[in-house]
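Listed below are the residues making up each chain.
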Amino acid sequence: MPRAALDKDPRDVAAMFDAVAHRYDLTNDVISLGQDRAWRRATLAALGAERGETVLDLAAGTGTSSEPLADAGVHVVPCDLSTGMLRVGRRRRPDLPFVAGDALHLPFADESFDAVTMSFGLRNVSDVDAALRELLRVTRPGGRMVVCEFSRPTFAPFRTVYTNYLMRALPPVARAVSKEPDAYVYLAESIRSWPDQRELGLLVRDAGWDKVAFRNLSGGIVALHRATRP
Ligand SMILES: C[S@@+](CC[C@H](N)C(=O)[O-])C[C@H]1O[C@@H](n2cnc3c(N)ncnc32)[C@H](O)[C@@H]1O
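Remember, it's a predicted structure, so these values are computed and weren't measured experimentally.

**Focus on the side chain of D80**
Among the structural elements, D80 can be located in strand β2 (residues 75–80). Buried charge without a partner: D80 forms no salt bridge, and the closest opposite charge is R90, 9.8 Å away. A distance of 3.4 Å separates a polar atom in the side chain of D80 from the backbone nitrogen of A60.

Set out below in C-alpha coordinates:
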(Lines give C-alpha, C1' and ligand atoms only; values in the text may rest on other atoms or scores of the structure.)
Protein backbone atom coordinates (compact mmCIF):
# COMPACT_ATOMS: atom_id res chain seq x y z
CA MET A 1 0.00 0.00 0.00
CA PRO A 2 1.38 3.45 -0.84
CA ARG A 3 2.17 5.57 2.20
CA ALA A 4 3.59 9.03 2.32
CA ALA A 5 6.75 9.81 4.25
CA LEU A 6 7.31 12.98 6.23
CA ASP A 7 8.87 14.71 3.18
CA LYS A 8 5.24 14.68 1.88
CA ASP A 9 6.05 14.09 -1.78
CA PRO A 10 2.78 15.09 -3.51
CA ARG A 11 2.74 11.89 -5.62
CA ASP A 12 3.00 9.71 -2.50
CA VAL A 13 0.41 11.81 -0.63
CA ALA A 14 -2.03 11.62 -3.56
CA ALA A 15 -1.49 7.85 -3.96
CA MET A 16 -2.05 7.32 -0.23
CA PHE A 17 -5.35 9.25 -0.27
CA ASP A 18 -6.41 7.51 -3.52
CA ALA A 19 -6.04 4.21 -1.66
CA VAL A 20 -8.10 5.22 1.40
CA ALA A 21 -10.73 7.29 -0.45
CA HIS A 22 -13.55 4.73 -0.45
CA ARG A 23 -13.48 4.30 3.36
CA TYR A 24 -12.11 7.72 4.33
CA ASP A 25 -15.28 9.20 5.87
CA LEU A 26 -16.23 6.08 7.83
CA THR A 27 -12.72 5.67 9.24
CA ASN A 28 -12.58 9.34 10.19
CA ASP A 29 -15.82 9.14 12.13
CA VAL A 30 -14.59 6.06 14.00
CA ILE A 31 -11.11 7.29 14.95
CA SER A 32 -12.30 10.76 15.94
CA LEU A 33 -15.14 9.19 17.99
CA GLY A 34 -17.57 11.40 16.06
CA GLN A 35 -15.82 14.61 17.19
CA ASP A 36 -15.15 15.55 13.55
CA ARG A 37 -18.72 16.80 13.16
CA ALA A 38 -18.28 19.36 15.95
CA TRP A 39 -14.93 20.43 14.43
CA ARG A 40 -16.65 21.04 11.09
CA ARG A 41 -19.40 23.10 12.71
CA ALA A 42 -16.77 25.22 14.50
CA THR A 43 -14.83 25.72 11.24
CA LEU A 44 -18.00 26.94 9.53
CA ALA A 45 -18.70 29.40 12.35
CA ALA A 46 -15.09 30.69 12.39
CA LEU A 47 -15.12 31.32 8.64
CA GLY A 48 -18.29 33.41 8.97
CA ALA A 49 -19.16 32.84 5.31
CA GLU A 50 -22.43 34.33 4.17
CA ARG A 51 -24.95 32.99 1.69
CA GLY A 52 -23.79 33.88 -1.84
CA GLU A 53 -20.10 34.25 -0.98
CA THR A 54 -17.52 32.21 -2.92
CA VAL A 55 -15.26 30.05 -0.75
CA LEU A 56 -12.36 27.75 -1.62
CA ASP A 57 -12.22 24.53 0.40
CA LEU A 58 -8.65 23.42 -0.29
CA ALA A 59 -7.71 19.76 0.26
CA ALA A 60 -11.44 19.09 0.36
CA GLY A 61 -11.01 15.36 -0.15
CA THR A 62 -14.42 13.71 -0.56
CA GLY A 63 -16.14 17.04 0.09
CA THR A 64 -17.08 16.34 3.71
CA SER A 65 -15.52 19.65 4.81
CA SER A 66 -17.31 21.47 1.94
CA GLU A 67 -20.78 20.19 2.75
CA PRO A 68 -21.58 22.46 5.72
CA LEU A 69 -20.68 25.48 3.55
CA ALA A 70 -22.76 24.32 0.59
CA ASP A 71 -25.68 23.55 2.88
CA ALA A 72 -25.46 27.10 4.28
CA GLY A 73 -25.94 28.58 0.80
CA VAL A 74 -22.26 29.40 0.21
CA HIS A 75 -20.81 28.85 -3.28
CA VAL A 76 -18.05 26.45 -2.21
CA VAL A 77 -15.34 25.19 -4.57
CA PRO A 78 -13.82 21.93 -3.26
CA CYS A 79 -10.26 21.41 -4.59
CA ASP A 80 -7.98 18.41 -4.01
CA LEU A 81 -4.87 16.68 -5.31
CA SER A 82 -6.13 13.08 -5.07
CA THR A 83 -8.20 11.86 -8.01
CA GLY A 84 -9.47 8.99 -5.83
CA MET A 85 -10.83 11.37 -3.18
CA LEU A 86 -12.33 13.60 -5.90
CA ARG A 87 -14.04 10.58 -7.52
CA VAL A 88 -15.72 9.61 -4.22
CA GLY A 89 -16.64 13.27 -3.64
CA ARG A 90 -18.24 13.72 -7.06
CA ARG A 91 -20.32 10.58 -6.46
CA ARG A 92 -21.38 11.70 -2.97
CA ARG A 93 -22.12 15.34 -3.85
CA PRO A 94 -22.66 15.71 -7.60
CA ASP A 95 -23.94 19.26 -6.98
CA LEU A 96 -20.48 20.49 -5.85
CA PRO A 97 -17.96 21.81 -8.43
CA PHE A 98 -14.94 19.64 -7.49
CA VAL A 99 -11.64 20.85 -9.00
CA ALA A 100 -8.35 18.92 -9.24
CA GLY A 101 -5.46 21.06 -8.00
CA ASP A 102 -2.27 21.21 -5.97
CA ALA A 103 -2.10 23.55 -2.97
CA LEU A 104 1.32 24.72 -4.13
CA HIS A 105 0.07 25.79 -7.61
CA LEU A 106 -3.61 26.60 -7.29
CA PRO A 107 -5.54 26.64 -10.58
CA PHE A 108 -7.35 29.90 -9.68
CA ALA A 109 -6.81 33.56 -10.56
CA ASP A 110 -5.63 36.11 -7.99
CA GLU A 111 -8.32 37.36 -5.56
CA SER A 112 -10.96 34.82 -6.72
CA PHE A 113 -12.44 34.02 -3.30
CA ASP A 114 -14.16 35.84 -0.44
CA ALA A 115 -12.70 33.27 1.95
CA VAL A 116 -10.54 30.16 1.88
CA THR A 117 -10.40 27.20 4.23
CA MET A 118 -8.39 24.02 4.65
CA SER A 119 -9.40 21.19 6.99
CA PHE A 120 -6.82 18.53 7.85
CA GLY A 121 -4.95 19.34 4.63
CA LEU A 122 -2.15 21.79 5.43
CA ARG A 123 -0.25 19.14 7.45
CA ASN A 124 0.02 17.05 4.27
CA VAL A 125 1.71 19.60 2.00
CA SER A 126 5.48 19.57 1.49
CA ASP A 127 5.84 23.38 1.69
CA VAL A 128 3.50 24.96 4.25
CA ASP A 129 4.70 28.52 3.61
CA ALA A 130 4.12 28.19 -0.17
CA ALA A 131 0.60 26.82 0.43
CA LEU A 132 -0.26 29.69 2.80
CA ARG A 133 1.01 32.19 0.20
CA GLU A 134 -1.05 30.52 -2.55
CA LEU A 135 -4.12 30.77 -0.31
CA LEU A 136 -3.33 34.46 0.23
CA ARG A 137 -2.95 35.07 -3.52
CA VAL A 138 -6.40 33.65 -4.39
CA THR A 139 -8.20 35.49 -1.53
CA ARG A 140 -9.57 39.00 -2.13
CA PRO A 141 -8.20 41.82 0.05
CA GLY A 142 -10.14 41.75 3.33
CA GLY A 143 -11.04 38.09 2.74
CA ARG A 144 -10.67 35.45 5.47
CA MET A 145 -8.87 32.17 5.94
CA VAL A 146 -9.57 29.39 8.45
CA VAL A 147 -7.22 26.43 8.82
CA CYS A 148 -8.55 23.48 10.83
CA GLU A 149 -5.76 21.11 11.77
CA PHE A 150 -4.65 18.68 14.45
CA SER A 151 -2.62 20.44 17.12
CA ARG A 152 -1.20 20.07 20.62
CA PRO A 153 -3.43 19.27 23.61
CA THR A 154 -3.03 22.03 26.20
CA PHE A 155 -3.39 19.98 29.42
CA ALA A 156 -0.06 18.21 29.96
CA PRO A 157 -1.37 14.93 31.54
CA PHE A 158 -3.92 14.62 28.76
CA ARG A 159 -1.20 15.37 26.20
CA THR A 160 0.75 12.34 27.45
CA VAL A 161 -2.30 10.07 27.22
CA TYR A 162 -3.14 11.47 23.82
CA THR A 163 0.36 10.87 22.50
CA ASN A 164 0.21 7.28 23.75
CA TYR A 165 -3.25 6.89 22.26
CA LEU A 166 -1.88 8.08 18.94
CA MET A 167 1.21 5.92 19.09
CA ARG A 168 -0.38 2.75 20.41
CA ALA A 169 -4.11 2.69 19.71
CA LEU A 170 -4.45 4.36 16.36
CA PRO A 171 -2.67 1.74 14.18
CA PRO A 172 -4.62 -1.26 15.66
CA VAL A 173 -7.95 0.61 15.46
CA ALA A 174 -7.15 1.59 11.88
CA ARG A 175 -6.24 -2.02 11.13
CA ALA A 176 -9.71 -3.08 12.33
CA VAL A 177 -11.67 -0.56 10.27
CA SER A 178 -9.34 0.24 7.37
CA LYS A 179 -7.68 -1.94 4.77
CA GLU A 180 -4.92 0.68 4.57
CA PRO A 181 -3.55 0.91 8.15
CA ASP A 182 -0.21 2.42 7.05
CA ALA A 183 -2.05 5.62 6.14
CA TYR A 184 -2.99 5.94 9.80
CA VAL A 185 0.59 5.35 10.94
CA TYR A 186 1.44 8.31 8.68
CA LEU A 187 -1.43 10.24 10.31
CA ALA A 188 0.05 9.67 13.79
CA GLU A 189 3.59 10.56 12.68
CA SER A 190 2.52 13.67 10.79
CA ILE A 191 0.51 14.96 13.78
CA ARG A 192 3.46 14.42 16.12
CA SER A 193 5.83 16.39 13.87
CA TRP A 194 3.35 19.25 13.20
CA PRO A 195 3.94 22.73 14.75
CA ASP A 196 1.91 23.65 17.81
CA GLN A 197 -0.74 26.41 17.88
CA ARG A 198 1.68 29.30 18.43
CA GLU A 199 4.24 28.09 15.88
CA LEU A 200 1.58 27.63 13.20
CA GLY A 201 0.24 31.12 13.97
CA LEU A 202 3.72 32.54 13.29
CA LEU A 203 3.94 30.65 9.98
CA VAL A 204 0.56 32.09 8.96
CA ARG A 205 1.68 35.61 9.86
CA ASP A 206 5.04 35.21 8.09
CA ALA A 207 3.22 34.14 4.91
CA GLY A 208 1.61 37.61 4.81
CA TRP A 209 -1.70 37.10 6.61
CA ASP A 210 -3.03 39.69 9.05
CA LYS A 211 -5.08 39.49 12.31
CA VAL A 212 -3.93 35.94 13.00
CA ALA A 213 -5.67 34.22 15.91
CA PHE A 214 -6.32 30.65 16.96
CA ARG A 215 -8.80 28.75 19.10
CA ASN A 216 -8.55 25.25 20.48
CA LEU A 217 -11.15 22.54 19.97
CA SER A 218 -11.40 19.37 22.06
CA GLY A 219 -8.70 20.63 24.45
CA GLY A 220 -6.24 21.39 21.65
CA ILE A 221 -6.49 18.06 19.80
CA VAL A 222 -7.54 20.35 16.96
CA ALA A 223 -6.95 24.09 16.50
CA LEU A 224 -8.62 26.61 14.22
CA HIS A 225 -6.33 29.36 12.90
CA ARG A 226 -8.15 32.37 11.53
CA ALA A 227 -6.56 35.20 9.54
CA THR A 228 -7.43 38.03 7.15
CA ARG A 229 -5.82 39.11 3.90
CA PRO A 230 -4.54 42.69 4.33
C1 LIG B 1 -7.22 14.28 5.69
S2 LIG B 1 -7.86 14.70 4.12
C3 LIG B 1 -8.97 16.02 4.49
C4 LIG B 1 -10.16 16.06 3.59
C5 LIG B 1 -11.25 17.04 4.00
N6 LIG B 1 -10.78 18.40 4.01
C7 LIG B 1 -11.82 16.69 5.34
O8 LIG B 1 -11.77 17.54 6.25
O9 LIG B 1 -12.34 15.58 5.50
C10 LIG B 1 -6.47 15.53 3.42
C11 LIG B 1 -6.63 15.85 1.96
O12 LIG B 1 -5.55 16.70 1.56
C13 LIG B 1 -5.30 16.42 0.19
N14 LIG B 1 -4.01 16.99 -0.16
C15 LIG B 1 -2.80 16.62 0.31
N16 LIG B 1 -1.83 17.35 -0.26
C17 LIG B 1 -2.44 18.22 -1.10
C18 LIG B 1 -1.99 19.23 -1.97
N19 LIG B 1 -0.67 19.50 -2.12
N20 LIG B 1 -2.90 19.92 -2.69
C21 LIG B 1 -4.22 19.66 -2.58
N22 LIG B 1 -4.72 18.69 -1.77
C23 LIG B 1 -3.84 17.98 -1.04
C24 LIG B 1 -5.37 14.91 0.13
O25 LIG B 1 -5.52 14.43 -1.19
C26 LIG B 1 -6.58 14.64 1.03
O27 LIG B 1 -7.76 14.53 0.28
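**Focus: the packing of aromatic side chains**
One pass over the full model with this rule turns up 5 aromatic pairs. Their ring planes at 85° and their centres at 6.0 Å tell us that W39 and F150 sit as a pair that is edge-to-face. Pair noted here: W39 is in helix α3 (residues 35–47) and F150 is in strand β5 (residues 139–150), with a separation of 111 residues, a long-range link. Judged on exposure class, the residue W39 and its partner F150 are both buried. One aromatic cluster is present, formed by W39, F120 and F150 through successive ring pairs.

**Notes on α3**
An α-helical turn contains 3.6 residues, so a residue and the one three or four places further along point in the same direction. Taking 1.5 Å of rise per residue, 13 residues should cover 18 Å, and α3 covers 19 Å from first to last C-alpha, within 8% of that figure. Every buried residue belonging to α3 is among D36, W39, R40, A42, T43, A46 and L47, and all of these are buried. Axial view of α3: buried residues confined to an arc of 165°, hence all on one face. Turned more than 90 degrees from where α3 packs its buried face, R37, R41 and A45 sit exposed. A positive backbone phi angle near 60° is found at G48, which sits one or two residues after α3.

**What to know about the sheet that holds strand β4 (residues 113–119)**
Whenever strands of a sheet pair, they do so through backbone hydrogen bonds, lying parallel or antiparallel. Taken together, the 7 strands give an open sheet; going across it, the order is β3-β2-β1-β4-β5-β7-β6, and neighbouring strands pair in mixed fashion. Looking along the sheet, the strands with just one partner apiece sit at the ends: β3 (99–100) and β6 (210–217). Here β6 pairs with strand β7 (residues 222–228) via 6 bridges, running antiparallel. When the sheet's bridge partners are listed, N216 is paired in β7 with A223. Lying over the sheet, α3 contacts β1 (54–58), β4, β5, β6 and β7, oriented at roughly 160° with respect to β5.

**Some points on the nonpolar core**
Counting 41 residues, the largest nonpolar core has F150, Y184 and V222 as the members making the most contacts within it. It is helix α8 (residues 181–192) that provides the largest number of residues to this core, a total of 6 residues. Filtering out sequence-adjacent residues up to four positions away, F150 remains in contact with W39, F120, R123, Y162, L187, I191, W194, I221 and V222. If you look at the next biggest cluster of nonpolar residues, it comprises 27 residues, including V116, L122, L135 and W209.

**Observations regarding the pairing of β1**
Looking down a regular strand, the side chains alternate between one sheet face and the other. The buried fraction of β1 amounts to 4 of the 5 residues, a majority that puts the element mostly inside the structure. Looking at chain direction, β1 and β4 are connected through 4 bridges and run parallel. Considered in β4, the bridge of L56 is made with V116.

What counts and what doesn't
- Residues numbered from 1 in each chain as written.
- Predicted model: local features only at pLDDT ≥ 70, side-chain atom pairs only at ≥ 80, totals over all residues.
- Heavy atoms only, no water.
- Helix = DSSP H or I, 4+ residues; strand = E, 2+ residues; numbered from the N terminus.
- Buried < 20%, exposed > 50% of the residue type's maximum accessible area, 1.4 Å probe, protein only.
- Lys, Arg positive; Asp, Glu negative; His and termini not counted.
- Salt bridge = Lys/Arg side-chain N within 4 Å of Asp/Glu carboxyl O.
- Polar contact = N/O pair within 3.5 Å; in protein donor to acceptor, adjacent residues only side chain to side chain.
- Phe/Tyr/Trp six-rings, centres within 6.5 Å; stacked < 30°, edge-to-face > 60°.
- Expected span 1.5 Å × (residues − 1).
- Arc of directions from axis to C-beta.
- Pairing = 2+ DSSP bridges.
- Contact = heavy atoms within 4.5 Å.
- Axes fitted to C-alpha atoms, helices over the stretch in contact; angles between N-to-C directions.
- Core = buried A, V, L, I, M, F, W, Y, C linked by side-chain atoms within 4.5 Å.

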